[in-house]
Each structure stands twice: as C-alpha cells, then as structure tokens.
Amino acid sequence: MEIEACLRKDYITNLVREGKRLDGRRFDEYRNIEIEKNYVGEKACGSALVRLGETKVLVGVSLNVGEPYPDAPEEGVMTVSAELRPMASPSFEAGPPGEEAIEVARVVDRGIRESGAIEMEKLFIEEGKVWIVFVDIHVLDQEGNMIDASGIASIAALLNTRMPRYEDDQIIRGEWSGKLPISCVPVPCTSVKIDDSILIDPSLDEEYAMDARLTVVTTDTINAMQKGGQGALKEDEILSAIDLSFDKGNEIRKLIQGP
Amino acid sequence: MEIEACLRKDYITNLVREGKRLDGRRFDEYRNIEIEKNYVGEKACGSALVRLGETKVLVGVSLNVGEPYPDAPEEGVMTVSAELRPMASPSFEAGPPGEEAIEVARVVDRGIRESGAIEMEKLFIEEGKVWIVFVDIHVLDQEGNMIDASGIASIAALLNTRMPRYEDDQIIRGEWSGKLPISCVPVPCTSVKIDDSILIDPSLDEEYAMDARLTVVTTDTINAMQKGGQGALKEDEILSAIDLSFDKGNEIRKLIQGP
Amino acid sequence: MEIEACLRKDYITNLVREGKRLDGRRFDEYRNIEIEKNYVGEKACGSALVRLGETKVLVGVSLNVGEPYPDAPEEGVMTVSAELRPMASPSFEAGPPGEEAIEVARVVDRGIRESGAIEMEKLFIEEGKVWIVFVDIHVLDQEGNMIDASGIASIAALLNTRMPRYEDDQIIRGEWSGKLPISCVPVPCTSVKIDDSILIDPSLDEEYAMDARLTVVTTDTINAMQKGGQGALKEDEILSAIDLSFDKGNEIRKLIQGP
Amino acid sequence: MAKEDIELIKNGKRLDGRKFDELREIKIEVGVLSRAMGSAYIEWGKNKVIAAVYGPRELHPKYLRDPRRAHLRCIYNLAPFSVEDRKRPGPDRRSVEISKVSSDALSSVVMLEKYPNTVIDIFIEILQADAGTRCAGLNAASVALADAGIPMRDIVSSCAAGKVNGEIVLDLMKEEDNLGECDLPVAIIPRKKEVVLLQMDGKLTREEFKKAYELAVDGAMRVYKMQKEALISSVNDVIIGE
Amino acid sequence: MAKEDIELIKNGKRLDGRKFDELREIKIEVGVLSRAMGSAYIEWGKNKVIAAVYGPRELHPKYLRDPRRAHLRCIYNLAPFSVEDRKRPGPDRRSVEISKVSSDALSSVVMLEKYPNTVIDIFIEILQADAGTRCAGLNAASVALADAGIPMRDIVSSCAAGKVNGEIVLDLMKEEDNLGECDLPVAIIPRKKEVVLLQMDGKLTREEFKKAYELAVDGAMRVYKMQKEALISSVNDVIIGE
Amino acid sequence: MAKEDIELIKNGKRLDGRKFDELREIKIEVGVLSRAMGSAYIEWGKNKVIAAVYGPRELHPKYLRDPRRAHLRCIYNLAPFSVEDRKRPGPDRRSVEISKVSSDALSSVVMLEKYPNTVIDIFIEILQADAGTRCAGLNAASVALADAGIPMRDIVSSCAAGKVNGEIVLDLMKEEDNLGECDLPVAIIPRKKEVVLLQMDGKLTREEFKKAYELAVDGAMRVYKMQKEALISSVNDVIIGE
C-alpha cells in the first residue's frame, strides 16, 4: 500500500512534468460537477448532493430557534460541521471529527461567514431568540478535493433552504414561511502544486502527489484562503491560484444558481 | 482461554444433544431466584438485589424533579441505564457503557415502558415540572442471563420505590409521600437455542455455546422482544420461546410481588 | 531510560544515607523560590508565575458570574483545575487531566477551601448570582514538587486578583472594582521519605527515589494533608514533616505576601 | 406507542393509501460509491439509505484479532439532517443497539471463517429517515456485501410489521410508528426463512404476534426478490458495459 | 466543614449515640462474588461496599508493561444510587483521586515484584455511601486480595478520625463529615503500624492532629482484627464445607 | 470582521500609535524550560507564548510509525486565563485547525527523513493572547526546534497583515482583529521567501491581497532577523557561560 502510493506519486509527478493529468484534464479544468438540490427534502430544511467527479458530498441544513451570541444579540447564528464518514475512505475512522474534518468545516464556514452570504440580521426573532442555522457536511465518497465539493454543496443547500413556520413560540415542522435569505454565493476553488505546476480540483492521486494546496473562496472579492500541505508556495503561484479561483468561481456559481 | 472456551462449547452442546444441562436443570427450568428488595434502602428511593443462580444484579431507583419531554408535557420521564461493572466479569472494562450494556438497558427499558408499568401521568407536578425516574442497573456478577436478572431487579426496585416529599419547589430528602404508582409487572424471560433445542435462563457457559438468544418480556401481552446472537431462529422456536416466557413470567411475577 | 532511573535512584539514596542531596541542599532546605505576580496581567484577573528551582508553574485566576451551590446560596464558588501541560515533562500527555493533575488540583483546592482563604460570603451578588473564581494551574516545567509550586502560585495569584466591574447584569472586562477578598495565606509544604530520612521540597530525582511523600498545607493550623507514594510513613516521620511544614510555611508566606 | 385514539386507518386504507399488507415503494441501486469495496443505495418510502463495505482488512489493535474468523463490525449512523429535529452528530444509545443487532444479523450469513484475524466493516448511513431505517439499512448492507464480493451463505432480507389501530399491518411509516401500538422489525435468511434479527416493542398477544411475524417475513421475501433483481441488473450492467 | 454552630454532640454522645472513640457497626464477608478471583463485602454503618480482584493478568497496551513488577490498578466507583442525590455514572475528580491514593496504599503491601509485566485490578464499588467509603473500600479490597490468594507482606487496614464540635472523634458518619471541622482518613500496615494512606482536610492544630491520628490508627487496628476474623472464618467455611 | 464604522485609525496612526507597516514590540528568549529538549519564549505586543520541543522519540501505537520519516506533531493550546472570558480547557475546533496548519508549516523545514519511525512533538502554549498568536507560536516553535538541535533546512518566520478601516496594515492587535475587515497570517521560509502557512478571512480584492501579502512577508523577514539574533545570543551565552 505505502509502496504503491509512492509509485503512484512518482507517476503523477512525471505526467504533470509532461503537462498531463491522469484523467486527461487540462491543469485549469474541473472534473464534472453535478449538483442535486433538495436531495433529502422531506426532512431537512435544505439540502444538496454534489458529485465532483467521483467525490460525493451531501449537505443538509437544519434550522432551530436558540439564543444569539452575546456580542451580536440581533443576529442569527450559523454553525458548520463536517463529518468524514468512514464509508467515504478506508482512511476515515468512526468517531468525533478529526483535524481533517475540522479543517473542511472551518474553511467552508469562513467563506460563507466572511462573504456575508446569509443575511444574519434577518434571522432575528425577538429578544434572546434567533434562528440557528446548522450546516452539516456529510462526506460520502472521497476521491479528492473534499473542500470544494463541501463548499459547493453547502452554499447550494443554503440556497435551497426554507424557513420553518414559527408560531406561538413553536416551530411548526413541515410548514414553511419562505426561503432563507441569501445575498451572495461564495465558491471555494482549490489548486495544488505538483512539480512547480498549479492544477485546479485535485483528484485523490493528485492530493497524494501534491507539494502544497491552496483554497481560495471568492465572491466579488476573496473571502477566505487556506494553504495546506507540507510544501511551500511562491508568490506568483499564489497569485495564479487566485486568478484561477476567480475564473472558475464564476463558472461554478452559475452551476450552483441553476438555470 | 480461547481453546478452553471452544472445548466447553462442544461439551455443552453434546450435553444438550443428550437432553441435559451442566447444572442438572431441565430445559425449561430457571436457576434459583432470590430477590432482596430495599437492599440499599438508606439512600436510594427504591432498590432490589437479584441473585439468579450466581448472577448478581443490583438496581437502584432515584427520583428527581425535571422537565418533561415536549411531546408528553404532562407525564413523568423514565431513563434506564446499565453499567456492567468490571468486577462482574474479566471481559468487562471500565469506561462508558458499551454495546452490551446499552442492549441490556434498552431491552429492560422497552419492557417497562411499553407495558405502561409506571403510571407516568401521575408523575406530573406542575407545568414544566415532572418526576424523573432513574433506573440504574448495576451488574455485579455475570454468570449468564444478565438481561433477565436486570429486568427482574428493575421492576422489583420500582415496586419498592417511595416518592420523596416535595414541598415549596424542593425535594425533602429522607421524607416520603407514598409509593411510586406501578400498574403491572413486566417480566423478561430469555431462551437460547443450542443444537436445535430451546433452553431457558442460560448460564454463562450456555451463552458461549448458544446459536441464538431470544428475550420476551411479558405482562398479559408481549411487550418487548429482542433476538441476540449470530445464529438463526425458526418460527416454531420463536413461538415455543414465547410460550415458555408467558409461563415462566407468571411464576417469576409472583416471586417479584412477594407474599 | 528505565535502567538509568534505577541507577539514579540508588545514587540518590546513597547520597541521602550520607546526609547529602544532589544539589547540595540541606534536608530542610527549599530550592530558590521566585514569585512573579501579575505575570499575565493584561487578560487574567489575577496571576502568578512561580519558579521553584527549575520547576515552573503559572496560575491564572478568572472571574465569572454564575449560580451558587444550592447548599450555600449566599456564597461564591471556587474551582481549581490543574493541567500538566505536555511541554512540562516527557511523561505528560495531551488530553484531559489524568490522576496526577487531579491530585495536584484537589490538594491545592483543599488547602485554600479549608483555610477559608477566600472570603466566599463577600462574593455574593444577588439571589442566584455569585462570583465564580476559576483557579487554573498550568504546569510548564516539572522538575519536582509540582504540588508546592502550584499551591504557592495559586495563593499568590489569588492575592493578585482584581474583581471585574459588574454593572447592569454585565461584567465590564478591563475595568475593576477592588481586590478579591483574601483572609489568610495557606502554604503547602511537601516532604519525602528517602531511606528513613525526611527531606523537604523534593527535586525530580528525589521524587523517583522516594518511598513516600507527605504534603501539609498550613496557615495557623493544618488545613490539608496528602500522603503520596507507595511506601509507608511512621508517626514520628509524619510529625516531623508537620513541624517542618509549619516552619517553612511561615518563611514562604512572607515571600508570597511580598515586601 | 399506545395511543389508540388517533385515526391511522380509514375505510380499510392507511394514511398513505396503502393496504394492510402493502410495502412502500422500494428502489435499490448497487455500486453507488467509488472508494468502498462494495456499496448500495436503497430508497424505501421516504427513507434514503446508503451502505458500504470495506474489508476484509487489518484489525487494530492486534489483541482484538480472532485467529478463527473475521470480526464483522456494522455501524449504523443517522445523519444530523435525516430527521426533522436535527440529531446531534455521533452515536446515541439507539444507534449503538441497532449497530449491534445488525452486526449479529449479518454475521450469520457472511463466511467469516474464510478471513481469520481480519475485520469486515459495514457502514450504514441514514440520509433521510421515516421509520423502518434498520430494515432498510440491513437490506442495503446485504447488497453491498454482495457487491463487494464477500462470500455469503445467503443474503439477509428485512422488513417490519406492526399493529396500528388494532390492525396488523406491514411496513410502518413514521406516523404509524409514532402513534401505532407495536413495531416488529424482522430480518431473515430467505432460503431457510429463518430469523436473524427480531425486535419488538408495544403490545401484542401471542396470536397477533404470529400474524405480524408472518406478514413481516412475507414482506422480507418480497424485498429479497428486489435485492436479487438489483444485483442481477448490476451484473448485467457490467457485462453490457464491457 | 467549619460550621461549628450545629450541635453534633449532646451530653458527650454523638448523634447516633456513639462515644467519641466508638466505631460504627462493621460486618465483613469474604468471597461474595463468583466471577472475580477474590472478593469481599463490607457493611460499615450505612456504608455498603464490595471489592473484587482480578489478576495478575495480561496488561494492554503492551508498552505499559513493567518488566520489574506488576502494575496495580484500583478503581473506586460510587454507584449512582449510593447517595441521596443521584450521582451521574462515570468517574469524577473525587473518585479519580481516591482511586489513586488507594492504588498507592495497596501497592505498598502486594508483592508486585512476583508478577512482572502483568496487571492486578482491584474494583471497589460503593453501593451505599454514608461517609468513610474510602476506608471501607480499602478494608474490603485488602480482604479481597487475600481471598484471591495474592501474596501480600501484610494487610491494609483503614479508619478515619475527625473533629466535631471541637472534639476529636473516631469514624465520622455523614452528618459529622458534612458539618464537622475536620476529616482524617488513615490506612495502615497493622504489623508495623505504619501509614500507607493519609489525607486530611479541615482545621487541626499539631496537638489535635496527633490525637486524631492516634485514634484513627487505633480504629484501624480494631478493623484489622475483624478482617482477620472474617478471613479465618471463610477458610474454616471452606474446610468445614469440604 | 466587517464593521467598518469603528474608528481604528486616526490621523494615519493606529489605536496603539503604530504606523501601518509597524510591528508590535517583540522579545524572544531561547531555552526557557528545563525539561524540554528545546524551548523558546516570545513576547509579541501583549501576546505571551512558550514553545517546547520533545523528540525525536518513540511513537505509540506502533502502527502509526512511518518507516520513511519522522512524524511531526504540533499542538497549539490556549491557556484558560489567556483571554478575558475564561476559555474552557481542552482543544476546540480553532485550536485543532491551528495545530494542523502549524504542523504542516513546520514539517516543511524539519529534516524528518533523518528520523524514520519516530515522532517529534512541538507544544505551543499561549499564556496571554492578543491577536496574532498562531504567528507568535510558529516563530517560537522554530526557535525551540533550533534550540533542540533538530536539523532544519531553514527556519519558519511568521507575521500577519490585514485590512483595517480600508487600509492595509501590518500585525493586527486584538481590536483590529475583532473589528477590522480582514486578517492574513503568513509564514515563510525566509531564504526562499516561500510560503508554508497562509490563511485569510474577510474581504480583499486581488490587489489588496497582493499588498497585504507582501507586507506580511516583509514583517516575517523582520521577525526572522530577531529569531536569528536570539539564537546567536543564546549560543554566545553558552560560550561565555563556559
């Protein structure tokens, strides 16, 4: 297994040196993206299943009523959690989220939060009561680039989210009072560096072979960035990853918003 | 140890084939049952120690005041927990309840809950306040058939339970205002299948040797069932286990209710 | 490592037999004690760094408003926690406090609590609201006698603690309304028994070599005691440890109270 | 359970129009995941469930290894968004119990003796829950085991029956499970019609039990047919694909 | 502690009628459990405690093994129903501390060097608690170790003394522990009268300590006699039984 | 973030009087702990941070060992009293993320291939926190690694830039971090000026990013000088000491 991984890494790196990728994509090309909104629409307030190549992530959004944070008493609350389910990869274990899951959740969280995508001030109900938006990322099949698949599925699920009816201090489950107010669509785009080249949307093999990784979440500005991996990045590599992320972000945003 | 277990299994199976049990019992015969109610009566609201052969289980009942479940605002709450204390068996480990302990607790819970043994509507105090009944199963010595010993001890302890006095929003510890209202006596009876025979009340060796296990909790109806073990049961085996459980349940019920 | 520890143990024991200690101290002599109050004064309500020889313990005190205990509704609450940070010793692991950390916290807690050092009745705010005093012991470098270093740092930090301003049901962070009321200065002194001699303030090597350990926390009376280690103590050994603890306690108390 | 005054049956039909012995709609897909060695998806009424299989693979820590057979571990998990009131992530007592009885049921058919010292892991994810998830999960798990090529003596097929407004009915949906008088999930080895999982809670006489039991077994046999069809068509897909 | 205005002593007698130097009633039974290698039950006033011993047995994980001696682990546990306000299951900080000091105390007498690389487990269950449970637990544990046939240099015997309404008294009951001025549990090796456990909290002068200490040691010596009697009569039982 | 109406900049100066490209005061000490193999203390504005190194040492459990290289583990921990509102002890999600990106950053310079099968542990304790703790921690960790004599290809130096009231500024303090529009912590390998850690949250255009990035790298280069000076003077101390 370990030896196999090393051999694959060499093979991938040599391919990249020749300007090629194992699945025939260009360096700036995403795998096929399918977005199925409302995938678990009978119970969740919002949901979306994203297939990014063979990578599959399901995000469900649940709404509850709770207390605001003391420093923002008139705003709703959002929490993003990610679970790398053990079915998604032989290397994922059952149990509480590890550092990899926490990183996925926090990068997605920052992109949504910092772009102001959810209009938090509209989630105020009355003093001491606001809507709590739970975004639960469920990674089902890890074939590379979980962060982008999770980020795309999360904002797609939020766009799909209905507000439950709330009357007499009670949530009426199964009845709705409109959509969750969303103001913009932050999109994460992840590039990796292999042998001094920058490739977008890494497959699993490319993640093994990469020196470093850079995720850039964009709307009309950059809203979040996260470097990963044990290698180093040069300034021009970072800048070209940013340019790629703005470009691809625009394309993917259209996919998310749908026809 | 493992080899010894295999040899014992063969030995037990051969005995059963000859219509015999290691301790000389008939297939439809329980080991000796001793029920000592109020065993820890100085602190607990109710308690009972049950000796089923050499298996020993102590159950204590504690009452507290708390909030009802939202879907049953005028009823008390019961929670059953089981701890397989490490002193009870070399295979039990310290730490939070494992799957075996959880199964014991849940089967006992279902029998009591589904039979309606505790008159939950009488545990209502005032809006938002009800009695919480904690049933804590403490397995002290595991020589087989923990489920029956736990279930018998639990309902015996509940029959022994006094309600603490409650005045001015406070529990007066050490003073009592009557008995916990109990309407019926659910009794679990566990059979095992060894070499196509059905035996009731398995000893530890018989549990090692069994193909499958079936617990049936009865009052005047069946209230809970749980199949265990990695083998399979035929319909007639299930039906004869049910018949046995009704019969033995009646006998044990008299023991629990006492003279 | 293990063999080295055994050899060192023999060496230390032989030295003690000759009336000597590895660092040249007398049996009734403490290592150098440095107390730096207000070490993290910008954020914590109170703090002190103690260097006991090379052992380093930082204690921070935080105040919050919370509920009193039901059995003392007009008094504040104190909780002492200790973390043996993994940087302090190769044998400390990351994770929740183990039995060693819990022992340190509980011995320090008992000394402060039983001496009545914090005037708890002055921490009452209004019905159902009192000040909660968190004493957090952070062991940074374990070169022996963590208990004394922790106890000294804790009471020094408490003496250094300011009360946050509290207005309109809110804590005003960064503003203060006086000092935490402290009535006396409990000091823990720890002796060890090596080869039938009693030595105070054990170094790490002496802790490895010791048969038993005795901590005595004193004010004008004894307020807490804790025997440690797998060896045994004679009555006269205990009494001489108590005498030493009163003597040294007086000296250290002056250091803590400062000029 | 036990609230008999709510009208769940009108004119001999159930809330969703089903007859007493009618299953909800069931759809099974084989091989839906890329990383897992075997996988299956089942849609059963409003239930949506995925099962995946890994193994036989190395078991850690070593002292848990059994030199006589593989260890089979089944983990049943409810996604936080699978129910209307969000479930906190992580196993609760109900999930732990279902994982245990499911492990037992599947252990009865997998040829564990072929892979001593290893572990076979089966993961069941409930993506949307509407009563009957343990049966749906077991059915998906069996198909996933077959998809993984793990040798089995037979498949496991599962279905529940129950009692609603005094009637014995097949395959309870959420409202019937919540408000009905009894739920009886059963899993069988179809060839022998023997039971490998059986749980029950509520109130049943011996006669009612017999009736409900036979109805559940009958339902499981119908599910068995669908499992086989899904597996055959997945093999055909592969052959046609080639 | 420290509330001296509550009258715990009237006319030289304590709340339960005992004299200052009087023990509560104590009953010890040997070999009360079937699975454990050794066990003992102690009833001490309202305290009810069982101790059990397993080992020497394999220690996992391997890197914790000590090639020079057995590892002795003592776990003290308070049953949820052992106190009036139900205790949440699982170890709290108090239990962890008592487990640690009890392990140390018992390690001083068990011949650990005879069983390198193994672990000896001692479990103390407090079934009903009324002050003095750590002493009761240690006394039961010593007897259980003897019952298990584990070689010991001596037994451990334990008793507490304390200060109540200004008086030094033996063996505090719950009310005295809650409202008294000091509690001093002590455990000794009786033959040498040396101390293997000593804790104290409250307020004592040096002189008061000496008096309380000697009272506690005297109490422990009386317990020692009962432990021996229980062990001898259990051996006799076996002989007569044969 | 994102509240632009609070005046953090007056007359071209920041709240604490700094210019836009000015660092807070920094003090670095080497070898501050006795037990650790290497350690360093950094005071950076109001931040107080200690880092310590243990290893290469044995890694447990065994199956985590990598035969090709050492495993590097960095744990970042915020002391409960390091912030005004006491933080509950134990890792939260923020700490876990910082630990991960810090481990990655340090792994890029340490010659892990020299110590297969082992682990190198780096512990970062934030004793007082005032924004910029992850940068301060990484700087201290690099110095601690050098102090421990662990072979490195280069050191890691770190600094943040950000956007406050529309201006790109260096090294945000607490108020600027809380109320500013963006924070961009960067860590570099100084010799190559390459980035080993980069995180960002807030709002930046591409041009603003470039400016902030270059400012942060410039700050890190200045920190690098201080790290070297601290290390040289610590070596001199040793030589003079001898």
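Just above, that's the structure.
Residues numbered from 1 in each chain as written. Chains lettered and ligands numbered in written order. Predicted model: local features only at pLDDT ≥ 70, side-chain atom pairs only at ≥ 80, totals over all residues. Heavy atoms only, no water.

Draft legend 1. Quick look at the overall build of chain D. Within chain D, the secondary structure is distributed over 4 helices and 11 strands. Relative to its length of 242 residues, chain D is compact, with a C-alpha radius of gyration of 18 Å against a globular reference of 18 Å. Principal-axis analysis of the C-alpha atoms places the extent of chain D at approximately 55 × 45 × 35 Å. Within chain D, buried positions represent 59% of all 242 residues. Partitioning the contacts of chain D with sequence separation of at least 6, the portion at a separation of at least 24 is 68%. Carbon and sulfur atoms make up 49% of the accessible area of chain D, which amounts to about 9,600 Å² in all. When the 38 positive and 38 negative side-chain charges of chain D are each reduced to one mean point, those points stand 5 Å apart. (Helix = DSSP H or I, 4+ residues; strand = E, 2+ residues; numbered from the N terminus. Rg over C-alpha atoms; globule rule 2.2 N^0.38 Å. Buried < 20%, exposed > 50% of the residue type's maximum accessible area, 1.4 Å probe, protein only. Contact = heavy atoms within 4.5 Å. Areas by Shrake-Rupley, 256 points an atom, 1.4 Å probe, with all protein chains shown as cover. Lys, Arg positive; Asp, Glu negative; His and termini not counted. Charge placed at Lys NZ, Arg CZ, Asp CG, Glu CD.)

Draft legend 2. View of the side chain of Lys87(F). Here Lys87(F) lies in the loop between strand E6 (71–78) and helix H1 (93–107). With no salt bridge to any partner, buried Lys87(F) finds its closest opposite charge in Asp92(F), at an N-O distance of 4.6 Å. (Salt bridge = Lys/Arg side-chain N within 4 Å of Asp/Glu carboxyl O.)

Draft legend 3. Representation of the interface of chain C and chain F in the model. Each partner contributes residues to the interface: chain C has 32 residues there, and chain F has 31 residues. Of the roughly 2,800 Å² buried between chain C and chain F, counting both surfaces, carbon and sulfur atoms make up 56%. Where Asp136(C) meets Arg86(F), a salt bridge forms, and the shortest distance between an N and an O atom there is 2.6 Å. Elements supplying a minimum of two residues to the side of chain C that touches chain F: strand E3 (55–66), strand E4 (77–84), strand E6 (129–141) and strand E8 (170–179) of chain C. Residue composition of the side of chain C that touches chain F, grouped by class: 13 nonpolar, 9 polar and 10 charged. (Buried area = accessible area lost by both parts, 1.4 Å probe. Nonpolar A, V, L, I, M, F, W, Y, C, P; charged D, E, K, R; others polar.)

Draft legend 4. Highlighting the pattern of salt bridges. One pass over the structure, following the stated rule, counts 160 salt bridges over all chains. Of the charged contacts, one joins Asp201(B) and Arg25(B) as a salt bridge, the two residues approaching to 3.0 Å between their closest N and O atoms. In this pair, Asp201(B) sits in the loop between strand E10 (197–200) and helix H4 (204–209) while Arg25(B) sits in the loop between helix H1 (2–17) and strand E1 (33–37), placing the two residues 176 residues apart along the sequence. For Arg25(B), a relative accessible area of 7% gives the class buried. A salt bridge links Lys100(D) to Glu103(B), with the nearest nitrogen and oxygen atoms 3.1 Å apart. With Lys100(D) in helix H1 (residues 93–107) and Glu103(B) in helix H2 (residues 99–115), this residue pair bridges two chains. Connected through shared salt-bridge partners, Lys43(A), Arg14(D), Asp16(D), Arg18(D), Arg24(D), Asp130(D), Asp171(D) and Glu176(D) make up one network.

Draft legend 5. Focus on the packing of aromatic side chains. Considering all chains together, one arrives at 9 aromatic pairs over all chains under this definition. Over the aromatic face of Trp176(A) sits the side chain of Arg162(A), whose NZ or CZ is 3.9 Å from the ring centroid. (Phe/Tyr/Trp six-rings, centres within 6.5 Å; stacked < 30°, edge-to-face > 60°. Lys NZ or Arg CZ within 6 Å of the ring centre and 35° of its normal.)

Draft legend 6. Expanded view of the interface of chain E and chain C. The interface is formed by 30 residues belonging to chain E together with 34 residues belonging to chain C. Contact between chain E and chain C buries roughly 3,000 Å² in total, counting both sides, with carbon and sulfur atoms accounting for 53%. Considering only the surface of chain E that becomes buried against chain C, Arg93(E), Lys100(E) and Arg206(E) emerge as the three largest contributors, covering 22% of it. At the junction of chain E with chain C, the criterion picks out 6 salt bridges. Connecting chain E to chain C are 15 residue pairs in polar contact (both at pLDDT 80 or more). Among the elements of the structure, helix H1 (93–107), strand E11 (194–204) and helix H4 (206–241) of chain E are those that each provide at least two residues to the side of chain E that touches chain C. Of the residues forming the side of chain E that touches chain C, the biggest block, 11 residues, is contributed by E11(E). Looking at side-chain class alone, the side of chain E that touches chain C contains 12 nonpolar, 5 polar and 13 charged residues. Bridge count for strand E12 (residues 222–228) of chain C against E11(E) is 4 bridges, and the pairing is antiparallel. Looking at the pairing, Ala224(C) lines up with Asp201(E) of E11(E). (Polar contact = N/O pair within 3.5 Å; in protein donor to acceptor, adjacent residues only side chain to side chain. Pairing = 2+ DSSP bridges.)

Draft legend 7. Inspection of H2(B) at higher detail. All names here are of chain B. When the terminal C-alpha atoms of H2 are compared, their 24 Å separation across 17 residues agrees well with the 24 Å that a helix rising 1.5 Å per residue should span. Counting buried residues in H2 gives 13 out of 17 residues, a clear majority hidden from the surface. Positioned one or two residues after H2, Gly116 has a phi angle of 70°, which is positive. (Expected span 1.5 Å × (residues − 1).)

Draft legend 8. Looking closely at the environment of Ser115(B). In this fold, Ser115(B) is placed in helix H2. Along the primary structure Ser115(B) and Thr218(B) are separated by 103 residues, whereas in three dimensions their C-alpha atoms are 8.1 Å apart. Setting aside anything within four residues of it in sequence, one finds Ser115(B) in contact with Arg110(B), Cys184(B), Pro186(B), Thr219(B), Asn223(B) and Lys203(D). A distance of 3.1 Å separates a polar side-chain atom of Ser115(B) from the backbone oxygen of Ile112(B).

Draft legend 9. Fine view of the pairing of strand E12 (residues 222–228) of chain B. All names here are of chain B. Most of E12 sits out of view: 7 of its 7 residues are buried. With 6 bridges connecting them, strand E11 (residues 212–218) and E12 associate as antiparallel partners. What sits directly across from Thr215, in E12, is Gln226. Where E11 folds back onto E12 in an antiparallel hairpin, the turn is made up of 3 residues.

Draft legend 10. Fine view of the pairing of strand E6 (residues 129–141) of chain B. Residue and element names in this part refer to chain B. Burial of E6 is extensive: 12 of the 13 residues sit out of reach of the surface. By the bridge criterion, 8 bridges tie strand E4 (residues 77–84) to E6 in an arrangement that is parallel. For Ser81, the partnering residue across the bridge sits in E6 and is Asp136. Direction of pairing for strand E5 (residues 124–126) relative to E6: antiparallel, over a ladder of 2 bridges. Across the sheet, Glu126 pairs through a bridge with Lys129, a residue of E6. Between E5 and E6, which pair antiparallel in sequence order, lie 2 residues; one of them, Gly128, sits at a positive phi of approximately 85°.

Draft legend 11. Examining the packing of helix H2 (residues 99–115) of chain A against H1(F) more closely. One way to put it is that H2(A) packs onto H1(F) with a least axis distance of 9 Å and a crossing angle of 105°. In terms of orientation, H2(A) and H1(F) fall into the roughly perpendicular class. Across the interface between the two elements, Glu99(A), Glu100(A), Ile102(A), Glu103(A), Ala105(A), Arg106(A) and Arg110(A) of H2(A) pack against Arg93(F), Arg94(F), Val96(F), Glu97(F), Lys100(F) and Val101(F) of H1(F). Considering only residue class, the contact of H2(A) with H1(F) consists of 4 nonpolar, no polar and 9 charged. (Axes fitted to C-alpha atoms, helices over the stretch in contact; angles between N-to-C directions. Parallel < 35°, antiparallel > 145°, perpendicular 65-115°, else oblique.)

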